Amino acid sequence: RLNTCMEIEELKNEMIGDIKTEYLEQYFGNSKDYYMPKLKALENGTKYSFNLNAFLFGMFWVLYRRMYFHVFILIIVAVVELKLEKILLNRLGNTYDMQMSLRFLWLIIFGIVLGNLGNYFFLDYSKKKVKKIISTTDEEVIKMKKLKKSGSGNWIIIVSIVLVLVLSLILGKK
């Protein structure tokens, strides 16, 4: 029994980098079984791991993960891509098929890049966020509450954006 208590205490004090594992697990919440091994691999030098959700949902996944600066960068990349697409379409012939082909190609490339870099960006962001949260107070209970709240995804912004998109489609057809 004593060994079990000691083992539990050792696990609570286990570190990934300079952050206690229990803080990271609290931050990741229900996703800890997915992200903790990815974070350990990242700390051991494996920078790339594929994230299917980042691949499939793109910017929505980034928004859900509360990485707003990354969203800003992705919007800039998308605007530049649209400008380049316009130039390319003017040179190749601006047909509907060409537009759809380029958009499909862009989505695939964007998905592959984000799918491969998503975990890296999110884990780097998460470590910084956890460090910031735990530095704000010495109260463990408050730290844990803040970590849990900050680490959970942001469904409100996703639902809001989807509603705006749906409403704009509906109102745009009238």
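Everything below is about the structure shown above.
Nothing here was measured: the structure is a model prediction, and the numbers come from that model.

Section: the layout of surface pockets
(1) Moving on: Size it by volume and the largest pocket reaches roughly 490 Å³.
(2) Moving on: For the largest pocket, the lining is made up of 21 residues, of which Gly58, Met59, Trp106, Leu107 and Phe110 are closest to its centre.
(3) Moving on: Listing elements by their share of the lining of the largest pocket, those giving two or more residues are α4 (52-57), α5 (59-64), α6 (68-92), α7 (96-134) and α9 (155-172).
(4) Moving on: Broken down by element, the lining of the largest pocket gets its largest block of residues, seven residues, from α7.
(5) Moving on: A breakdown of the residues in the lining of the largest pocket according to their chemical character gives 16 nonpolar, two polar and three charged.
(6) Moving on: Estimates place the volume of the second largest pocket at around 260 Å³.
(7) Moving on: Taken together, the elements giving at least two residues each to the lining of the second largest pocket come down to α3 (32-43), α4, α5 and α9.

Topic: the environment of Met59
(1) Moving on: Note on placement: Met59 falls in helix α5.
(2) Moving on: On the accessibility criterion, Met59 (25% relative accessible area) is partly exposed.
(3) Moving on: Counting along the chain gives 99 residues from Met59 to Ile158, while the straight-line C-alpha distance between them is 9.9 Å.
(4) Moving on: In this structure, Met59 is in contact with Val71, Leu74, Ile75, Phe110 and Leu114, ignoring residues within four places of it in sequence.

Some remarks on the packing of α3 against α7
(1) Moving on: Contact geometry for α3 and α7: axes closest at 10 Å, N-to-C directions at 90°. If you check the angle between α3 and α7, you find them roughly perpendicular. Of α7, the residues touching α3 (which contributes Tyr34, Tyr35, Lys38, Leu39, Leu42 and Glu43) are Asn119, Tyr120, Phe122, Leu123 and Lys127.
(2) Moving on: Its residues assigned to classes, the contact of α3 with α7 comprises seven nonpolar, one polar and three charged.

Each value, and the rule that gives it
Numbering of residues starts from 1 in each chain and follows the order in which that chain's sequence is written. The predicted origin of the model limits local features to residues at a pLDDT of at least 70 and limits the giving and counting of side-chain atom pairs to 80 or more, whereas totals for whole chains, interfaces and linings rest on all residues. Note: side-chain values were computed over all heavy atoms of the structure, leaving out hydrogens and water. Using a grid of 1 Å spacing that covers the protein atoms alone, one calls a set of points a cavity when a 1.4 Å probe fits there but cannot get out, and a pocket when the set is open and has protein on both sides within 12 Å along at least five of seven lines; lining residues are those with an atom within 4 Å of a point. Grid points are joined across faces, edges and corners, and a volume is the space filled by probe spheres set on the points. To qualify as a helix, a DSSP run of H or I must reach at least 4 residues; to qualify as a strand, a run of E must reach at least 2; elements of each kind are numbered from the N terminus. Think of it as three bins: nonpolar holds Ala, Val, Leu, Ile, Met, Phe, Trp, Tyr, Cys and Pro, charged holds Asp, Glu, Lys and Arg, and polar takes everything else, Gly as well. Each residue's exposure class comes from its accessible area (1.4 Å probe, protein chains only) as a fraction of the maximum for that residue type: buried when under 20%, exposed when over 50%, partly exposed otherwise. Should any heavy atoms of two residues lie within 4.5 Å, those residues are considered in contact. Helix axes are fitted only over the stretch in contact, all axes being lines through C-alpha atoms; the angle between N-to-C directions runs from 0 to 180 degrees. Oblique is the label for every angle not falling under 35 degrees (roughly parallel), over 145 degrees (roughly antiparallel), or within 65 to 115 degrees (roughly perpendicular).

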